Structures are given as structure tokens and as C-alpha cells.
Amino acid sequence: EDQVTQSPEALRLQEGESSSLNCSYTVSGLRGLFWYRQDPGKGPEFLFTLYSAGEEKEKERLKATLTKKESFLHITAPKPEDSATYLCAVPGPNSGGSNYKLTFGKGTLLTVNP
Amino acid sequence: EAGVAQSPRYKIIEKRQSVAFWCNPISGHATLYWYQQILGQGPKLLIQFQNNGVVDDSQLPKDRFSAERLKGVDSTLKIQPAKLEDSAVYLCASSSPGQITDTQYFGPGTRLTVL
């Protein structure tokens with residue numbers, strides 16, 4: 001069974017204080033790894049997809065990296081508007097359709113204080 | 001491009017009552033998902049449709065939950081009768097079946113409170 005574990009559960013940073021969030025996974029065969037951002041009262045918003053170990057993607061102050069066992073979401077010089085819950089997810093297992101369901105971790109609640 | 005639409009946004013009911021949620025996916029997206037997100041947890045798949053057929057409903061509590069997707073577009077999820085533990089946010093997502101790992105786009109969710 002696919003498993004996704006995120007750490008820490010909560011992280012409080014000062015504005016400008018860089019840090020990283022971790023997502024470790026156990027899957028039968030990696031088909032990709034997704035990062036989403038979720039604001040209170042809203043649905044998850046897509047950030048990145050990573051497909052292979054060594055891959056990196058960036059968006060503004062966020063950079064996602066992938067190894068064979070885990071993914072990191074690096075936040076450089078965060079601002080208060082980066083405060084949200086960050087979710088990672090892996091696709092699968094497949095039940096016969098053209099698209100895979102997502103198995104999510106519990107998320108990391110990031111708070112950035114001004 | 002319009003996103004995934006859901007209604008209502010909030011619903012409060014008594015236990016043993018019934019409730020229904022509606023979802024309209026992004027135009028052209030053949031795959032539709034319903035997820036349940038309990039406070040402090042990540043979303044968990046309840047049911048996955050491709051067009052109007054069910055692909056995966058292995059985690060749907062079929063004694064009380066039902067879902068349909070008529071005409072392969074919008075979908076409804078029903079709970080009857082509701083239990084206290086059904087209090088959660090119900091998220092609808094859609095994706096285009098171009099690749100198996102196509103991005104899923106989520107709606108705003110319906111927050112259900114069962115008293």
C-alpha cells in the first residue's frame with residue numbers, strides 16, 4: 001500500500017527565514033509526486049509535479065526536489081502570504097482508469113510571521 | 001478557464017439526516033474524483049469516475065454514501081443517513097485523461113458539519 005509521510009506537522013517561521021518541508025513516500029513504483037498548497041477554507045491548489053529522482057522545479061520562493069525516497073519543498077525568504085498547508089501526494093495504485101487517484105500525506109501547516 | 005465548481009459551500013445537518021453535494025468539473029475533463037478531508041488530514045479518495053463509469057469506489061462507505069455522474073459531466077455525492085464521523089470537507093477534483101499522472105484540479109469543497 002502506498003504511504004506518504006510529511007514532516008514537520010507544523011512549522012512557524014519568521015519572514016525571510018528559509019526552511020524546508022519533507023515528504024517521504026513508500027510506493028511500489030514511483031509514477032510522480034505532486035505538491036499542493038491549501039489555504040484555509042479552500043481546495044488544494046496545484047504547485048508542482050516531479051517525475052524522477054534528481055528533478056527540481058521552482059516557482060517564486062518555492063523549489064521542489066525529488067530523491068528516490070523523499071521530496072523536499074524548500075522555501076526561500078518566505079513572506080506571510082506563503083502561510084498555508086502544503087500537501088504532497090503520489091499517484092496510484094491504478095484501478096483501471098486512465099488517471100490515477102492521489103494518496104496524500106497529512107500536510108505541513110506553515111505559518112510565516114511578519 | 002473556469003475551475004471546478006461545487007455547491008453548497010457549507011452544510012449543517014443533524015445525524016441521520018440526508019445531504020447531497022454537487023460538482024461541475026472543468027470543461028472537457030473526463031475524470032472526476034470525490035475526496036473526503038477530515039480536519040488535520042490529507043484528502044482521501046471516496047470515488048473516481050471516468051466519463052459516467054465508476055473506476056474506483058473501494059473506499060466509499062456504500063451503506064450510506066452514493067454518487068452518480070450522469071451524462072459524464074457533473075456529479076452528485078449523497079450521504080444517507082449521516083453520522084457524526086461524516087463531518088469533513090468534501091472535495092471534488094477533475095483531470096483530463098491524457099496521461100495517467102495528469103494534474104488533478106480541485107474545487108473549493110463543501111464543509112459538512114453533522115450534529
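Residues numbered from 1 in each chain as written. Chains lettered and ligands numbered in written order. Predicted model: local features only at pLDDT ≥ 70, side-chain atom pairs only at ≥ 80, totals over all residues. Heavy atoms only, no water.

All names here are of chain A. Both strand 6 (residues 56-59) and strand 7 (residues 62-66) contribute to a ladder of four bridges, which runs antiparallel. In the sheet register, Lys57 faces strand 7, and the bridge partner there is Ala64. Following strand 6, the chain reverses through two residues before pairing antiparallel with strand 7; Glu60 in that reversal takes a positive phi of roughly 55°. (Pairing = 2+ DSSP bridges. Helix = DSSP H or I, 4+ residues; strand = E, 2+ residues; numbered from the N terminus.)

Residue and element names in this part refer to chain A. Taken together, five strands build an open sheet; the order of strands is 1-3-8-7-6 and the sheet is antiparallel. Two strands lie at the open edges of the sheet, namely strand 1 (3-7) and strand 6, each paired on one side alone. If you compare each strand with its neighbour and ignore which way they point, the axes differ by 15° on average. (Axes fitted to C-alpha atoms, helices over the stretch in contact; angles between N-to-C directions.)

A separate point is the interface of chain B and chain A. Contacts between the two partners involve 28 residues from chain B, matched on the other side by 24 residues from chain A. Carbon and sulfur atoms supply 48% of the area buried between chain B and chain A, which totals about 2,100 Å² over both sides. Joining chain B to chain A, the criterion identifies one salt bridge. In this structure, Asp56 of chain B and Lys101 of chain A form a salt bridge, with 3.8 Å as the shortest nitrogen-oxygen distance. The interface formed by chain B and chain A holds five residue pairs in polar contact (both at pLDDT 80 or more) in total. (Contact = heavy atoms within 4.5 Å. Buried area = accessible area lost by both parts, 1.4 Å probe. Salt bridge = Lys/Arg side-chain N within 4 Å of Asp/Glu carboxyl O. Polar contact = N/O pair within 3.5 Å; in protein donor to acceptor, adjacent residues only side chain to side chain.)

Residues and elements named next belong to chain A. Taken as a whole and assessed by the stated rule, the structure comprises two disulfides over all chains. Across a sulfur-sulfur distance of 1.9 Å, Cys23 and Cys88 are joined as a disulfide pair. Note on the Cys23 and Cys88 pair: the S-S dihedral is about 80°, so by sign convention the disulfide is right-handed. You can see Cys23 sitting in strand 3 (residues 19-26) and its partner Cys88 sitting in strand 9 (residues 84-91), a full 65 residues away along the chain. For the pair shown, Cys23 and Cys88 are each scored as buried. (Disulfide = S-S within 2.5 Å. Buried < 20%, exposed > 50% of the residue type's maximum accessible area, 1.4 Å probe, protein only.)

Take the side chain of Thr108 of chain A next. Residues and elements named next belong to chain A. Relative to the elements of secondary structure, Thr108 occurs in strand 11 (residues 108-113). Look at Thr108 and you get buried, because its relative accessible area is 0%. Engagement of the side chain of Thr108 in a polar contact is seen with the backbone oxygen of Pro8, the distance being 2.6 Å. In this structure Thr108 touches Gln6, Ser7, Pro8, Glu9, Leu11, Leu21, Ala84, Thr85 and Tyr86, once residues within four positions along its chain are discounted.

Here the focus is the pattern of salt bridges. Residues and elements named next belong to chain B. For the structure shown, the criterion picks out seven salt bridges over all chains. Across the pair Asp86 and Arg64 runs a salt bridge, and its minimum N-O distance is 2.4 Å. Taken as a pair, Asp86 in the loop between strand 8 (75-79) and strand 9 (88-95) and Arg64 in the loop between strand 6 (53-56) and strand 7 (65-68) lie far apart in primary sequence, 22 residues in all. Neither Asp86 nor Arg64 differs from the other in exposure class; each is buried.

Let us now look at the packing of aromatic side chains. Residue and element names in this part refer to chain B. This model, assessed by the stated rule, comprises 11 aromatic pairs over all chains. Relative to Phe106, the ring of Tyr35 has its centre 5.5 Å away and its plane inclined at 45°; by these criteria the two rings are tilted. Placement of the pair is Tyr35 in strand 4 (residues 31-37) and Phe106 in strand 10 (residues 105-106), with a sequence separation of 71 residues. Like Phe106, Tyr35 is buried. (Phe/Tyr/Trp six-rings, centres within 6.5 Å; stacked < 30°, edge-to-face > 60°.)

Another point: the nonpolar core. Formed by 22 residues in total, the largest nonpolar core has its most connected members in Leu33, Trp35, Leu73 and Tyr86 of chain A. No other element matches the four residues that strand 9 of chain A contributes to this core. (Core = buried A, V, L, I, M, F, W, Y, C linked by side-chain atoms within 4.5 Å.)

Below, the discussion takes up the environment of Trp22 of chain B. Residue and element names in this part refer to chain B. Tracing the backbone shows Trp22 in strand 3 (residues 19-24). Taking relative accessible area as the criterion, Trp22 reaches 32% and is therefore assigned partly exposed. Beyond its immediate stretch of four places on either side in the chain, Trp22 contacts Ala5, Gln6, Ser7, Trp34, Asp74, Ser75 and Thr76. A polar side-chain atom of Trp22 sits 3.0 Å from a polar atom in the side chain of Asp74.

Residues and elements named next belong to chain B. Its relative accessible area of 10% is what places Arg64 among the buried residues. Beyond its immediate sequence surroundings of up to four residues, Arg64 is in contact with Lys78, Ile79, Gln80, Pro81, Ala82, Lys83 and Asp86. At a separation of 3.1 Å, a polar atom in the side chain of Arg64 contacts the main-chain carbonyl oxygen of Pro81.

What is shown is where atoms sit, not what they do.
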